[in-house]
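Residue-level structure breakdown
Chain by chain, the residues run as shown.
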Amino acid sequence: MGSWHRIGRPLRRATGALALAAALASTGCGNAPEPPGTARVSGLMLDSELREISGLAVSRRHPDTLWMHDDGGNPARLFAVGRDGERRATFRIEGVPKTDWEDIAAFRLDGRDYLLLADTGDNGGLRRTLQLHVIEEPSKLVNARLRPAWSIVFRWPDGARDCEAVAVDAASRQVLLVSKKRRPPELFVLPLERAEGVQVARRVGRLRMPAALSEEAGRDAATPLAAQVTAADVAPDGRSLAAITYRHLLIWTRREGEDWATAVSRPPVDRPLPWLPQAEALGWDRDGRHVFVSGEFIPAPLYRIRLDAASDQRQ
């Protein structure tokens, strides 16, 4: 559950309509070439069932479909949503608890398409173990019930952490996890495989954050959380890791033969997010040249942002 929940819902509702209109007006239109960083509104999420979206992933199985889930305090469910922001189907997830789901990743493994649900939120730093649930993508987008193919129970190596950003590197069969409140954010890995007992996440590095972003978080009393990572995703080609904070979109790209720890030790490409007061949902598009971003409130724009990570890193 994001820290922005302390902001009153009435204030968010009162300002939402005006800010949304401004977002729509500022994103441009037409078929002109899109430079990196261009954000366009792909759709609007007006459905009250989507009011607390905290995870987003682009389906590998169903064209023009996004998978989303909502925050803790809601039923264990998964939404299939169109690129226009309209909910297409709702799936109940059976056999697992829902403490604080914070991210979702789509990936292909051994010829099958899966989703990973990350029950890793821990605002109070009280959880001894956390869970990752792997679900095979359903063949049809109709309301139904699903069960995980397998789950991974894990803990941190040296004390509790809040984690809202989880991604899958299917090629290396690893789960990447980014801590939220530590400065700088820490990068952990876990095996993606089925395993018995409680696994221990292994810390492999720390994310190099832009200096300007940390300075912004330090001087802006209204947004002290500007440098905290709230979502992450690995690009379809496995080369780039995208992450968002409440205000910024960050991209790290691996060089040939490089591991993620080395890649994230360099400064990322840093793009400001368009208007989005509680940015907690991010997913690479299937083309590998755009990301979708949205937030935990209603009404919410669903942005599609052009970001050619490989070419950006050469700038």
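Everything here concerns the structure above.
Before going into details, it helps to say that this report is about the structure given with it. Quantities reported herein were computed from a predicted structural model and do not represent experimental measurements.

Topic: the overall build of the chain
In terms of helices and strands, the chain carries four helices and 22 strands. The 315 residues of the chain split such that 55% are buried. In the chain, the proportion of contacts linking residues at least 24 apart, taken out of those at least 6 apart, comes to 55%. As displayed, the chain offers around 13,100 Å² of accessible surface, 49% of which is attributable to carbon and sulfur atoms.

Topic: the sheet that holds strand S1 (residues 39-45)
One open sheet accounts for four strands, arranged S1-S22-S21-S20; its pairing is antiparallel. Of all the strands in the sheet, just S1 and strand S20 (279-284) have a single pairing partner and so form its edges. The sheet shows a mean angle of 25 degrees between the axes of neighbouring strands, taken without regard to direction. Two elements, S20 and strand S21 (residues 290-295), share five bridges in a ladder whose sense is antiparallel. Residue Gly 283 lies in a different strand from S21, and its bridge partner there is Phe 292.

Details of the pairing of strand S12 (residues 174-179)
In terms of burial, S12 is a largely internal element, five of the six residues being buried. With six bridges connecting them, strand S11 (residues 163-169) and S12 associate as antiparallel partners. Within S12, the residue paired with Asp 169 across the bridge is Gln 174. Linking S11 back to S12 in an antiparallel pair, the connection comprises four residues, with Arg 173 at a positive phi of about 55 degrees. Relative to strand S13 (residues 186-191), S12 runs antiparallel, the two sharing five bridges. Note that in S13 the partner of Leu 176 across the bridge is Val 189. Counted along the chain from S12 to the antiparallel partner S13, the turn is six residues long.

Let's talk about the nonpolar core
Judged by nonpolar contacts, the single largest core of 32 residues is most densely connected at Met 68, Ile 244, Leu 249, Leu 282, Val 291, Val 293 and Ile 305. Contact partners of Val 293, with chain neighbours within four places excluded, come to Ile 244, Leu 273, Leu 276, Ala 281, Leu 282, Pro 301, Leu 302, Tyr 303 and Ile 305. Within the second largest apolar cluster, 22 residues are counted, among which are Leu 109, Tyr 114, Leu 116 and Ala 118.

Some words on the side chain of His 69
Structurally, the position occupied by His 69 is in strand S3 (residues 65-70). If near-sequence neighbours (up to four positions away) are discounted, His 69 is found in contact with Glu 52, Ile 53, Ser 54, Gly 55, Arg 77, Phe 79, Trp 101, Glu 102, Asp 103, Ile 104 and Leu 117.

Here's the deal with the sheet that holds strand S6 (residues 101-109)
Reading across the sheet, the five strands line up as S6-S7-S8-S10-S14 and stay open at both edges, with mixed pairing between neighbours. This sheet does not close on itself; its edge strands, each paired only once, are S6 and strand S14 (198-200). Strand after strand, the sheet turns through a mean of 30 degrees between neighbouring axes, direction not considered.

Points about the pairing of strand S7 (residues 112-119)
The side chains of a regular strand alternate between both faces of the sheet. Where burial is concerned, most of S7 is hidden: seven out of the eight residues are buried. In the sheet, S6 pairs with S7 via eight bridges, with the strands oriented antiparallel. Counted as the bridge partner of Phe 107 is Tyr 114 from S7. Adjacent in sequence and paired antiparallel, S6 and S7 are bridged by two residues, among which Asp 110 carries a positive phi angle near 50 degrees. Here S7 runs beside strand S8 (residues 130-136); their pairing, made up of six bridges, is antiparallel. Bridge pairing in S8 links Ala 118 to Leu 132.

Let's talk about the environment of Arg 194
Relative to the assigned elements, Arg 194 resides in the loop between S13 and S14. What makes Arg 194 exposed here is its relative accessible area of 55%. Remark: the alpha-carbon pair of Arg 194 and Trp 150, spanning 44 residues in sequence, is separated by 6.4 Å. In this structure Arg 194 touches Ala 149 and Trp 150, once residues within four positions along its chain are discounted.

Overview of the environment of Leu 187
Tracing the sequence through the fold places Leu 187 in strand S13. When the C-alpha positions of Leu 187 and Ala 201 are compared, they lie 9.7 Å apart, and in sequence the two are 14 residues distant. Beyond its immediate sequence surroundings of up to four residues, Leu 187 is in contact with Leu 176, Leu 177, Val 178, Arg 202, Arg 203, Val 204, Gly 205, Arg 206, Leu 207, Trp 260, Ala 261 and Val 264.

Conventions adopted
Residues numbered from 1 in each chain as written. Predicted model: local features only at pLDDT ≥ 70, side-chain atom pairs only at ≥ 80, totals over all residues. Heavy atoms only, no water. Helix = DSSP H or I, 4+ residues; strand = E, 2+ residues; numbered from the N terminus. Buried < 20%, exposed > 50% of the residue type's maximum accessible area, 1.4 Å probe, protein only. Contact = heavy atoms within 4.5 Å. Areas by Shrake-Rupley, 256 points an atom, 1.4 Å probe, with all protein chains shown as cover. Pairing = 2+ DSSP bridges. Axes fitted to C-alpha atoms, helices over the stretch in contact; angles between N-to-C directions. Core = buried A, V, L, I, M, F, W, Y, C linked by side-chain atoms within 4.5 Å.

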